[in-house]
There are 2 protein chains.
Amino acid sequence: MAAAPVWSVDPRTGKRREQVGTEATASDVDAAVRAAHAAREPLADRSVRAAFLRAAAARLEAAGEDILHTADAETALGEPRLTGELARTCAQLRAFAGEIEDGAYLGVTIDHPDPDATPPCPDLRRYKLPLGVVAVYAASNFPLAFSVPGGDTASALAAGCPVVVKAHPDHPATSELTGAALRRGAADAGLPEDVLCVLHGFDAGLELIGHPLVAAAGFTGSVRGGRALFDAAAARPQPIPFHGELGSLNPVVVTAEAARERAADIGAGLGGSMTMGTGQFCTKPGLVLAPEGPDGDRLLDALTDAVHKAPHGPLLDARMREAFLAGVEARTRLDGVEAPVRAGADPEDGQAVGPGYLTVPARKLTEPSHELLLEECFGPLTVVARYRDRDEIADVLARLPGNLTATLHIGEAEGAGEAESAAGAGEAEGAGSAGQAAQLLAALTPLAGRVLVNGWPTGVAVAPAQQHGGPYPATTSTSTSVGATAIERWLRPVAYQNTPEPLLPPELRDGNPLGLPRRVDGRREN
Amino acid sequence: MAAAPVWSVDPRTGKRREQVGTEATASDVDAAVRAAHAAREPLADRSVRAAFLRAAAARLEAAGEDILHTADAETALGEPRLTGELARTCAQLRAFAGEIEDGAYLGVTIDHPDPDATPPCPDLRRYKLPLGVVAVYAASNFPLAFSVPGGDTASALAAGCPVVVKAHPDHPATSELTGAALRRGAADAGLPEDVLCVLHGFDAGLELIGHPLVAAAGFTGSVRGGRALFDAAAARPQPIPFHGELGSLNPVVVTAEAARERAADIGAGLGGSMTMGTGQFCTKPGLVLAPEGPDGDRLLDALTDAVHKAPHGPLLDARMREAFLAGVEARTRLDGVEAPVRAGADPEDGQAVGPGYLTVPARKLTEPSHELLLEECFGPLTVVARYRDRDEIADVLARLPGNLTATLHIGEAEGAGEAESAAGAGEAEGAGSAGQAAQLLAALTPLAGRVLVNGWPTGVAVAPAQQHGGPYPATTSTSTSVGATAIERWLRPVAYQNTPEPLLPPELRDGNPLGLPRRVDGRREN
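Residues numbered from 1 in each chain as written. Chains lettered and ligands numbered in written order. Predicted model: local features only at pLDDT ≥ 70, side-chain atom pairs only at ≥ 80, totals over all residues. Heavy atoms only, no water.

J.: Help me out: how do you make sense of the interface of chain A and chain B in this one?
T.: One frequent convention defines the size of an interface as the accessible area lost when the parts assemble. Facing the 91 residues of chain A at the interface are 91 residues of chain B. Carbon and sulfur atoms supply 57% of the area that chain A and chain B bury against each other, a total of about 6,400 Å² over both sides. The largest contributions to the chain A side of the interface with chain B come from A:Ala465, A:Leu503 and A:Arg524, which together make up 10% of the buried area. Across the chain A-chain B interface, the total number found is four salt bridges. The tally of links from chain A across to chain B stands at 34 residue pairs in polar contact (both at pLDDT 80 or more). Of all the elements in the fold, those that place two or more residues in the side of chain A that touches chain B are helix H5 (79-102), strand E3 (108-111), strand E4 (124-130), helix H9 (223-235), helix H14 (433-444), strand E19 (448-453) and strand E20 (491-497) of chain A. For the side of chain A that touches chain B, the element with the highest residue contribution is E20(A), accounting for seven residues. When grouped by side-chain class, the residues that make up the side of chain A that touches chain B number 53 nonpolar, 19 polar and 19 charged. (Contact = heavy atoms within 4.5 Å. Buried area = accessible area lost by both parts, 1.4 Å probe. Salt bridge = Lys/Arg side-chain N within 4 Å of Asp/Glu carboxyl O. Polar contact = N/O pair within 3.5 Å; in protein donor to acceptor, adjacent residues only side chain to side chain. Helix = DSSP H or I, 4+ residues; strand = E, 2+ residues; numbered from the N terminus. Nonpolar A, V, L, I, M, F, W, Y, C, P; charged D, E, K, R; others polar.)

Right, dumping it as structure tokens:
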């Protein structure tokens, strides 16, 4: 039987653009994993790895025009957005090169012998090693930043793990182009190109998660797909870490004071955020708690304006389009739900959809019949739940699943003065407006990995302090897929006990020959 | 139906000592988890937590006589060993109090806004929060250090997570006593006693892992029991982290030079390590690769002497005794296996077993028929595999599963001179003796979390650089259950974006009011 062809499809027309190779067979998967595994020794050199990530960024930039054109043709996300995404992707690779050189991620800890400890402490020296081959499952909605050259790949390579990417079927040509750029970057740094391999095909993805030499996996995508792979990773004879980003509602709470002071700004900002990338951001605000009454009405007026002005466009593929239209339909039919701007198919463009939003009384969200409104609807739709009082906010928040982000919009007085802190606010009664804001922040914090005040969650900065990951189903682990600490997912610690200096890796030798940040006998160095 | 009674049993006689309450019903489990969950807010205060852990240590010491007597009566491990274990357990609680105050575990990272970044970077401030209620499954073989007041409990409480312990049925009375001491320590510090709850019963353990308010679990025990709970944790609607320490063979390689220089010492040391605690240490050396020929023979002579001198004693319970005797039997029957000192039942003491060891040609270990020899046999037995050359060592190492520890015994010249490092040794041909040692260390490193040179793996120091955890089945995650970083298992990061200073927790405010170690705009503070 011939291997199934892989097609690049134009979502603006629904038509095939070109064939991009074929789906990987089980033996292709095995060959790719073995080749990647064989490349782990040369990849163990930290300075070579840093050079590789920088060379990869340069290669991506050199091929930028081709990549951007192809990515736009396959995703319809538009070249301006994709240009920013490419810049961010390259900056991310370079940031990880910096993290490799900094070396704090190694967590070097040295305890010299202490015969007086209980029990007596031998000489112990600990740092972190790469886990081995990492399987990366690419996302559809960021064909660069969360795909072949994205955060999972960059952080795994930075950790010293070779990567086998299961490409997303929505942009196979872009995957090939970016994969080739990374492989050229590897060669530039004197590494085997197979430190990064790209495979296509659904079955190949299942084969990959079960391969004995695959030591960990990263995933960005749907709850259904991610959970299936998570389950497969856990069911292996030797289970492996599975870091999956699955789905997120990204709740927003707008306080009465915020609505009174900034109704128009908040409505416009919400409209911009929820329609960005045709609503296909994993951080799209999908549920907004806004007050009933005239201030909330003004917010909706501004939202209506913004959504009417937002462009229509195709979703990433036909299946997503079907799911979006069905999701809008099912939500709109629920009791108490209204659609001030109806999202749906564009009558003048067979592929495009238009954005919209729904409203519902917040108290409805506590009814089992309305649970669908607490699930992510991928695409340009948000739900505004109108609350009458703070108890209704609390009741809704208590029912929410885990999220990547949670956002609080507050008034000026609520952000000022001596409030208790977010973490410690507790249930204090009769607090002032700042105290109430602190209580809301404390109620949102358990729901998400990133908590924002007076902003919008779309747009995820690549920064050391970033946390892109939250309670399940936002993430299947407690990790982040963006930011410096994303590297921690692909490492395991090892401690050497009473090992003669000449046999120790240089990172662990006395005198700190590599100048690393270390903890030595409880004291921090560098 | 009345709840099943829980009996304390004396393993020296096999007779019941006393009834210790009853097994927890599903509603008992629910009540305990809810009570623990309700205690998480007071536990959020770091200085109160540190005081609690110190008070708990003091309470354990105050009740020390009763605890030691009871633990010895239930485990037959002997008061000298248990005295050391109690000291270590208390030192561990105090060490975590120190870690709480140090605050490095919070991983505070602050990035001030950077409008020139790609994409522009907002104000981001990240630290770590406790996950919530932690379920701890206690081990049988360390009734203090890996049980109710042990490392899982201490590290979870240090992280700010209330703990519900599923006690081990081999020492229920000790579990109650130590649990009461911890609860009194909580009260001493002004905390609700329910920050720590103790439950009994197999079914209660299953109920616990599925409870919606349980946010993570720690386990020390068998591969079968641990894997069943791991699977249950992964199958939950919302999967939770499961940090299980399951089983470990703890391989030892003795080079020809080491045997020539120190055959008698190595044989005696091995005999001491493998019979310690009647062979019931998770770090017991279970497989030793020693050279054929006269140096290896001298090693065995010394081992024979040491094993003959080692005391007989009861195992922790009747089920373990049966498993041990059957395990010895099955291994002894294998082709090529000999038993210079036969382990087995003590004919003069109906409960006791005597230690022993087996020998086998190393090449047999590569045959599928002999796979049993690559599995842990819990109790005082070790297997010495005699190798003819280094290729046979490599062949055996290639077949080993993951381990807590791996040990290398080398000669003096092998630990000296300018060798390549453990991590980078690779496959260099024709290296000198130090180079060969480095190659062996490099081959052992992927197999374990702790790698020792010229020592014995039993005895796990409580130290910042400790790593007690290794590739599956040693551990179900990449974490450690001993040492400062054990706390990392019970935390998740959260980042606050553009949050006004008064709403931020003090840990994340400008000016570092708490004097924490932090990373601010890429620079390390304190």
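J.: How do you make sense of helix H4 (residues 64-75) of chain A when you look at a structure like this?
T.: Structural remark: α-helix, 3.6 residues per turn; residues separated by three or four positions point the same way. Residues and elements named next belong to chain A. Across its twelve residues, H4 extends 16 Å between first and last C-alpha, which sits within 8% of the 16 Å expected from 1.5 Å per residue. Of all twelve residues making up H4, nine are buried, and the element is well covered by its neighbours. Those residues of H4 that fall on the buried side of the exposure criterion are Gly 64, Ile 67, Leu 68, Thr 70, Ala 71, Asp 72, Ala 73, Glu 74 and Thr 75. Buried residues along H4 sit against strand E1 (5-10), strand E2 (15-22), helix H3 (46-62), H5 and helix H7 (172-188). (Expected span 1.5 Å × (residues − 1). Buried < 20%, exposed > 50% of the residue type's maximum accessible area, 1.4 Å probe, protein only.)

J.: Even after reading the chapter, I still don't get the side chain of B:Lys284, so can you show me in this structure?
T.: All names here are of chain B. Structurally, Lys 284 can be placed in the loop between helix H10 (256-275) and strand E11 (287-291). An unpaired buried charge is present at Lys 284: no salt bridge exists, and Glu 376, the closest side chain of opposite charge, is 6.2 Å distant. Among the polar contacts listed, one links the side chain of Lys 284 to the backbone oxygen of Gly 379, at a separation of 2.8 Å. Beyond its immediate stretch of four places on either side in the chain, Lys 284 contacts Leu 249, Asn 250, Met 274, Gly 279, Cys 377, Gly 379, Leu 381 and Thr 458. (Lys, Arg positive; Asp, Glu negative; His and termini not counted.)

J.: Could you clarify how one ought to interpret the packing of aromatic side chains in this entry?
T.: The description of an aromatic ring pair uses the distance of the two centres, along with the angle that the planes make with each other. Residues and elements named next belong to chain A. Under the counting rule described, the total for this entry stands at ten aromatic pairs over all chains. The interplanar angle of 65 degrees and the centroid separation of 5.2 Å between the aromatic rings of Phe 142 and Phe 146 together place this pair among those described as edge-to-face. Judged by its relative accessible area of 8%, Phe 142 falls in the buried class. Each member of the aromatic cluster is reached from another via a ring pair, and the members are Tyr 137, Phe 219, Phe 230 and Phe 242. Over the face of the ring belonging to Phe 142 we find Arg 81, whose NZ or CZ atom lies 4.3 Å from the ring centre. (Phe/Tyr/Trp six-rings, centres within 6.5 Å; stacked < 30°, edge-to-face > 60°. Lys NZ or Arg CZ within 6 Å of the ring centre and 35° of its normal.)

J.: Where do I start with helix H7 (residues 172-188) of chain B in this structure?
T.: Residue and element names in this part refer to chain B. Counted at 1.5 Å a residue, the expected span for H7 with its 17 residues is 24 Å, and the 24 Å between its end C-alpha atoms agrees. For H7, every residue scored as buried is listed here: Pro 172, Ala 173, Thr 174, Ser 175, Thr 178, Gly 179, Ala 181, Leu 182, Gly 185 and Ala 186. Residue Gly 190 follows H7 closely and has a positive phi angle near 80 degrees.

J.: What is the right way to read the relation of the copies chain A and chain B from this model?
T.: Applying a rotation about an axis and a shift along it to one chain copy brings it onto the other copy. Taken as rigid bodies, chain A and chain B are interconverted by a rotation of 180 degrees and an axial shift of 0.0 Å, the fit giving an RMSD of 0.0 Å. This pairing of chains is accounted for by a two-fold axis. Judged by C-alpha distance, A:Ala234 is the residue of chain A that lies nearest the rotation axis, at 3.3 Å. Both copies present the same face, since 99% of the interface residues in chain A are matched by interface residues at the equivalent positions in chain B. (Least-squares fit on C-alpha atoms with pLDDT ≥ 70 in both.)

J.: Help me understand the environment of B:Asp170, please; the structure alone is not making it clear to me.
T.: Examined against the element boundaries, B:Asp170 turns out to sit in the loop between strand E6 (163-166) and H7. Between the alpha carbons of B:Asp170 and B:Glu525 there is a distance of 47 Å; along the sequence they are 355 residues apart.

J.: Just to check I follow, could you spell out the pattern of salt bridges for this structure?
T.: When the charged atoms of two side chains lie near each other, side chains of opposite charge can form a pair. Using the criterion set out here, one finds 52 salt bridges over all chains in the structure. In this structure, B:Asp194 and B:Arg183 form a salt bridge, with 3.1 Å as the shortest nitrogen-oxygen distance. Of this pair, B:Asp194 sits in the loop between H7 and strand E7 (196-199) while B:Arg183 is found in helix H7, placing the two residues eleven residues apart along the sequence. In this structure B:Arg183 comes out as partly exposed when scored by relative accessible area, which is 23%. Put simply, B:Glu329 and B:Arg333 hold a salt bridge, and the shortest N to O gap is 4.0 Å. Given a relative accessible area of 62%, B:Arg333 falls into the exposed group. Within the structure, one salt-bridge network assembled from shared partners comprises A:Asp123, A:Arg125 and A:Asp510.

J.: Please explain the sheet that holds strand E14 (residues 344-345) of chain A as it appears in this structure.
T.: Remark on secondary structure: sheet strands pair via backbone hydrogen bonds, oriented parallel or antiparallel. Residues and elements named next belong to chain A. With respect to topology, three strands assemble into an open sheet ordered E12-E15-E14, the strand pairing being antiparallel. Pairing within the sheet leaves two strands with one partner each, and these edge strands are strand E12 (313-314) and E14. As defined by bridge partners, E14 adjoins strand E15 (residues 352-354) across two bridges and the pair is classed as antiparallel. What sits directly across from Ala 345, in E15, is Val 353. Sheet strands touched by helix H12 (residues 318-332): E14 and E15. Its angle to E15, the strand with the most contacts, is close to 25 degrees. (Pairing = 2+ DSSP bridges. Axes fitted to C-alpha atoms, helices over the stretch in contact; angles between N-to-C directions.)

J.: Would you explain the sheet that holds E7(B) in this entry?
T.: Residues and elements named next belong to chain B. The strand order across the open sheet formed by five strands is E7-E6-E5-E8-E9, and the pairing between neighbours is parallel. Two strands in the sheet have a free side with no partner beyond their single neighbour: E7 and strand E9 (242-245). Within this sheet the neighbouring strands show an average axis-to-axis angle of 15 degrees, counted without direction. Pairing between strand E8 (residues 214-220) and E9: four bridges, direction parallel. Its bridge partner lying in E9, Thr 220 is registered against Glu 245. Against the sheet, helix H6 (residues 151-159) makes contact with strand E5 (133-137), E6, E7 and E8, and its axis sits at roughly 170 degrees relative to E6, the strand it touches most.

J.: Mind showing me how you'd approach the packing of H3(A) against H5(A) here?
T.: Axes are the key here: two packed helices are described by the angle between their axes and the distance separating the axes. Residue and element names in this part refer to chain A. Viewed as axis vectors pointing N to C, H3 and H5 meet at an angle of 170 degrees, and their least axial separation amounts to 8 Å. Our classification of the angle between H3 and H5 gives roughly antiparallel. Contacts between H3 and H5 involve Arg 46, Arg 49, Ala 50, Leu 53, Arg 54, Ala 56, Ala 57, Ala 58, Leu 60 and Glu 61 from the first element and Leu 86, Thr 89, Cys 90, Leu 93, Arg 94, Phe 96, Ala 97, Gly 98, Ile 100 and Glu 101 from the second. When the residues that make up the contact of H3 with H5 are grouped by side-chain class, the tally is twelve nonpolar, two polar and six charged. (Parallel < 35°, antiparallel > 145°, perpendicular 65-115°, else oblique.)

J.: Is there a simple way to think about the pairing of strand E4 (residues 124-130) of chain B in this case?
T.: Within a regular strand, the side chains alternate between the two sheet faces. All names here are of chain B. Counting buried residues in E4 gives six out of seven residues, a clear majority hidden from the surface. Bridging between strand E3 (residues 108-111) and E4 involves three bridges; their strand directions are antiparallel. Residue pairing for E4: Ile 110 is matched across the bridge by Arg 125.

J.: Explain the state of the cysteines to me, please; I cannot follow it from the model alone.
T.: When the sulfur atoms of two cysteines share a covalent bond, that bond is a disulfide. Within the structure shown, the criterion is met by zero disulfides over all chains. You can see A:Cys197 has no disulfide; the closest cysteine sulfur is in A:Cys161, sitting 14 Å from it. Summary of cysteine pairing: B:Cys121 is not part of a disulfide, and the nearest cysteine sulfur, belonging to A:Cys282, is at 17 Å. Looking at B:Cys121, the relative accessible area reads 8%, which means it is buried. (Disulfide = S-S within 2.5 Å.)

J.: Whenever I open this one, the environment of B:Glu261 confuses me. Can you help?
T.: Residues and elements named next belong to chain B. Structurally, Glu 261 can be placed in helix H10. Separated by 34 residues in the primary sequence, Glu 261 and Asp 295 have C-alpha atoms spaced 8.5 Å apart. Each residue touching Glu 261, except ones within four places of it in the same chain, is listed here: Gly 411, Glu 412 and Ala 413.

J.: Which parts of the structure should I look at to understand the pairing of E5(B)?
T.: All names here are of chain B. The buried count for E5 comes to five of five residues, which makes it a mostly enclosed element. Side chains of E5 alternate between two faces, with Val 133, Ala 135 and Tyr 137 and Val 134 and Val 136 buried alike. Taken together, the five bridges between E5 and E8 define a ladder with parallel strand orientation. Within E8, the position partnered with Val 136 by the bridge is Gly 218. Note that E5 and E6 share four bridges and pair parallel. Across the sheet, the residue bridging to Tyr 137 is Lys 166, located in E6.

J.: Please clarify how unusual backbone geometry should be interpreted in this entry.
T.: The phi torsion of most residues other than glycine is negative, and most of the peptide bonds are trans. In this chain, A:Tyr472 is followed by A:Pro473 through a cis amide linkage whose omega measures 5 degrees. Assignment of secondary structure puts A:Pro473 in the loop between E19 and E20. Even without being a glycine, B:Thr278 presents a positive backbone phi close to 55 degrees. Mapped onto the secondary structure, B:Thr278 falls in the loop between H10 and E11. Although it is not a glycine, B:Asn498 sits at a positive phi angle of roughly 50 degrees. Secondary-structure assignment places B:Asn498 in the loop between strand E20 (491-497) and strand E21 (518-520). Overall, the relative accessible area of 36% leaves B:Asn498 in the partly exposed class.

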